[in-house]
Amino acid sequence: MLKRTIYMSLFSMFIAASLWAQNSKMVLVKKGAYVPLYGTVDKKPVTVNEFQLDIYPVTNAQFQDFLKKNPEYSKAKIKGIFADKSYLSHWESDFSYGKNNLSNAPVTNVSWFVAKKYCECQGKRLPTLDEWEYAAMADEKRTDARTKESYTKYILSWYEKSKTYANPVGQTFKNYWGVYDMHGLVWEWTSDFNSIFLSGESRKDKDTDKNLFCGSGSVNATDLMNYAAFMRYAFRGSLKAKYTTRNLGFRCAKDFK
Amino acid sequence: MKKIILGLALLLMIFQSCDSNKKASDAPKSKSISDLSIYHLPSKWTNQDGKDIQMKNMKGKVLVMVMIYTSCKSACPRLVADMRNIESRLPKDTKNVEFVLISIDPKVDTPERLKAFAKENQMEGDQWTFLRSSEDNTREFAAVLAVNYKKISPMDFSHSNIISVFNNVGELTYQQEGLNVNADETVQKIIEEAQKS
């Protein structure tokens, strides 16, 4: 009898653990280097170490689970210093995303503080800006598709589409690393989003702006690629940690050990 | 019996799922502390004397805060000068104002180094506090202050030049942006807040 109960409890723990794991599958992104649009002196490549990244952005259903376990982050209880007034404003109630939102749509209207906390509670963290950009430059076949015109055009055409945030996760393309939705669904928080300067505090950054805005008339693939990246950097640069917006979600990352 | 064990196992899973969820509820519960107070931040910091503190330990004081790094050659000396200038312009009998300089380079800026920096810059009075923490906590605090920073080479950071004033319950009430700007308004605000203390 005792043996059986032990088996039973082990079994139930196993089930619970595997359900939990299913919530947030990750893939390995291998070490590499890339030249970011901003932030390096002399345009030197930045090395990105091997890391794990969630395959999908965090969904409404997953976030609802998190809130039930951590009610201090519910709409009613969240402290103003950690999220602004529009926090989860599209949800039906404190602990329910309701009928108007899909369970497997990405959760949005979440602040950086809460996104960070969510990942910490999973034993993870937010990806760094470099990790995110590095993983996001892959298309289906290549680790770096940025110079491919059709790829950049795809990204830019998404920037023009509205309300993609209401779509389910996993319906855009699966990239080289096995990750979905880096483009085409929602914008995503990064751990160091506040490392961007577009206000001219760093002369090096300003030069890039000048190149973008005052460049020659011809637009080539590199310009388009820079333009797409510029949009992301400009967006991040405009954010504050407690801001929440309808088209901004997140996914988690983890060091590879 | 089986059901009880099963229930217990599941309960265990739930409690284990997030061991850090206690932190936020550690925040002070006193009613006088508003939603927007930095006293809610659970992060731990070390000062120039090697003493550990949290933001809520500075409760009751008006805080004038800036983020710097001690090996900085360009903007920080001017930011530090701006802080000294503001401090020197407060009436001699001003009480309960703390000037807090937070390092964005915690690897290099050890408590010893902060202590030495304080000495070099004649900022050794009780009103000067130098703080450092983990890179994560620093990034988070910068987010609260809306200070952006990035390591741009092994030696240098680019960073926003913002001096922030917090009232005696930890709410951000004023920010001065830029270097060598006219500090009249900042000084005025600090005096106002200090009088409320």
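Not measured: the values here are computed from a predicted model.

## Focus on the overall build of chain A
Assigned secondary structure in chain A consists of seven helices and seven strands. In chain A, the order of α-helices and β-strands from amino to carboxyl end is α-β-β-β-β-α-α-α-α-β-α-α-β-β. Burial analysis of chain A (257 residues in total) assigns 52% to the buried set. Look at the contacts in chain A between residues 6 or more apart in sequence, and 75% of them connect residues 24 or more apart. Accessible surface, chain A as shown: approximately 12,400 Å² in total, 54% of it carbon and sulfur.

## As for the UniProt feature "binding site: Cu cation" (unreviewed entry) in chain B
All names here are of chain B. Mapped onto the present numbering, the UniProt feature "binding site: Cu cation" (unreviewed entry) falls on Cys 72, Cys 76 and His 159. These annotated residues cover 88 residues of sequence, and their C-alpha atoms lie no more than 10.6 Å from one another, placing them together at a single site. Locating Cys 72 in the fold gives a position in the loop between strand E3 (62–68) and helix H2 (75–89). Sequence-distant contacts of Cys 72, defined by excluding residues within four places in its chain, comprise Pro 77 and His 159. Inspection of the secondary structure puts Cys 76 in helix H2. What Cys 76 contacts, discounting residues up to four positions off in sequence, is Ile 68, Tyr 69 and His 159.

## Topic: the pattern of salt bridges
All names here are of chain A. In this structure the tally under the stated criterion is 18 salt bridges over all chains. Here Lys 116 makes a salt bridge to Glu 120, at a shortest N to O gap of 3.4 Å. Taken as a pair, Lys 116 and Glu 120 lie in helix H3 (residues 112–121) at a separation of four residues, close to a single helical turn. Looking at Lys 116, the relative accessible area reads 11%, which means it is buried. A relative accessible area of 27% places Glu 120 in the partly exposed class. Between Lys 148 and Asp 139 there is a salt bridge, with its nearest N and O atoms 2.7 Å apart. When its relative accessible area of 31% is taken as the criterion, Lys 148 is described as partly exposed. Here Asp 139 falls in the buried class, since its relative accessible area comes to 2%.

## Description of H2 of chain B
All names here are of chain B. Between its first and last C-alpha, H2 extends 21 Å over 15 residues, near the 21 Å set by a 1.5 Å rise per residue. Along H2, the residues classified as buried are Ala 75, Cys 76, Leu 79, Val 80, Asp 82, Met 83 and Ile 86. Angularly, the buried residues of H2 cover 150° about the axis, an arc narrow enough to put them on a single face.

## Here's the deal with the sheet that holds strand E4 (residues 97–103) of chain B
Residues and elements named next belong to chain B. In space, the seven strands of this open sheet follow the order E2-E1-E5-E4-E3-E8-E9, with mixed pairing throughout. Two strands in the sheet have a free side with no partner beyond their single neighbour: strand E2 (52–53) and strand E9 (172–177). Taken together, the five bridges between strand E8 (residues 162–166) and E9 define a ladder with antiparallel strand orientation. By the bridge assignment, Val 165 is partnered in E9 with Tyr 174. Running at roughly 150° to strand E5 (residues 128–132), helix H3 (residues 111–120) makes contact with strand E1 (45–47), E3, E4 and E5 of the sheet.

## Focus: the packing of helix H2 (residues 60–69) of chain A against H3 of chain A
What describes two packed helices is the angle between their axes and the distance between those same axes. All names here are of chain A. With their axes 11 Å apart at the nearest point, H2 and H3 run at an angle of 80° to one another. What the angle tells us is that H2 and H3 run roughly perpendicular. Every residue of H3 that contacts H2 at Gln 62, Phe 63 and Phe 66 is listed here: Val 114, Lys 117, Tyr 118 and Cys 121.

## With respect to the environment of Leu 63 of chain B
Residue and element names in this part refer to chain B. With respect to the helices and strands, the residue Leu 63 is situated in strand E3. Along the sequence, Leu 63 and Leu 172 sit 109 residues apart, while their C-alpha atoms lie 9.1 Å from each other. Filtering out sequence-adjacent residues up to four positions away, Leu 63 remains in contact with Ile 38, Met 58, Glu 98, Val 100, Ser 164, Val 165 and Phe 166.

What counts and what doesn't
Residue numbering note: each chain is counted from 1, following its sequence as written. Chain letters start at A and ligand numbers start at 1, both assigned in the order the entries are written. Where totals are concerned, whole chains, interfaces and linings use all residues; where local detail is concerned, this predicted model gives features only for residues with pLDDT of at least 70, and gives and counts side-chain atom pairs only at 80 or more. Excluded from the side-chain calculations are hydrogens and water; all other atoms, namely the structure's heavy atoms, are used. Each helix corresponds to a stretch of at least 4 residues labelled H or I by DSSP, and each strand to a stretch of at least 2 residues labelled E; elements are numbered beginning at the N terminus. When accessible area is computed with a 1.4 Å probe and restricted to protein chains, residues below 20% of their type maximum are described as buried, those above 50% as exposed, and intermediate ones as partly exposed. Whether two residues touch is decided by their heavy atoms; if any such pair falls within 4.5 Å, the residues are in contact. For the area figures, the Shrake-Rupley method with a 1.4 Å probe applies, and any residue is considered shielded solely by the protein chains shown. UniProt positions are given in the numbering used here, feature names are shortened, and annotations may be inferred rather than shown by experiment. In the sections that follow, a salt bridge refers to a side-chain nitrogen of Lys or Arg positioned within 4 Å of a carboxyl oxygen of Asp or Glu. By definition here, a helix of n residues has an expected span of 1.5 Å times n minus one. In this description, the arc belongs to the directions extending from the helix axis to the C-beta atoms. Strands were regarded as paired on the criterion that DSSP finds at least two bridges between them. Each axis is a line fitted through C-alpha atoms, taken for helices only over the stretch in contact, and angles between the N-to-C directions span 0 to 180 degrees. Any angle that falls under 35 degrees is termed roughly parallel, while one over 145 is termed roughly antiparallel, one within 65 to 115 roughly perpendicular, and all others oblique.

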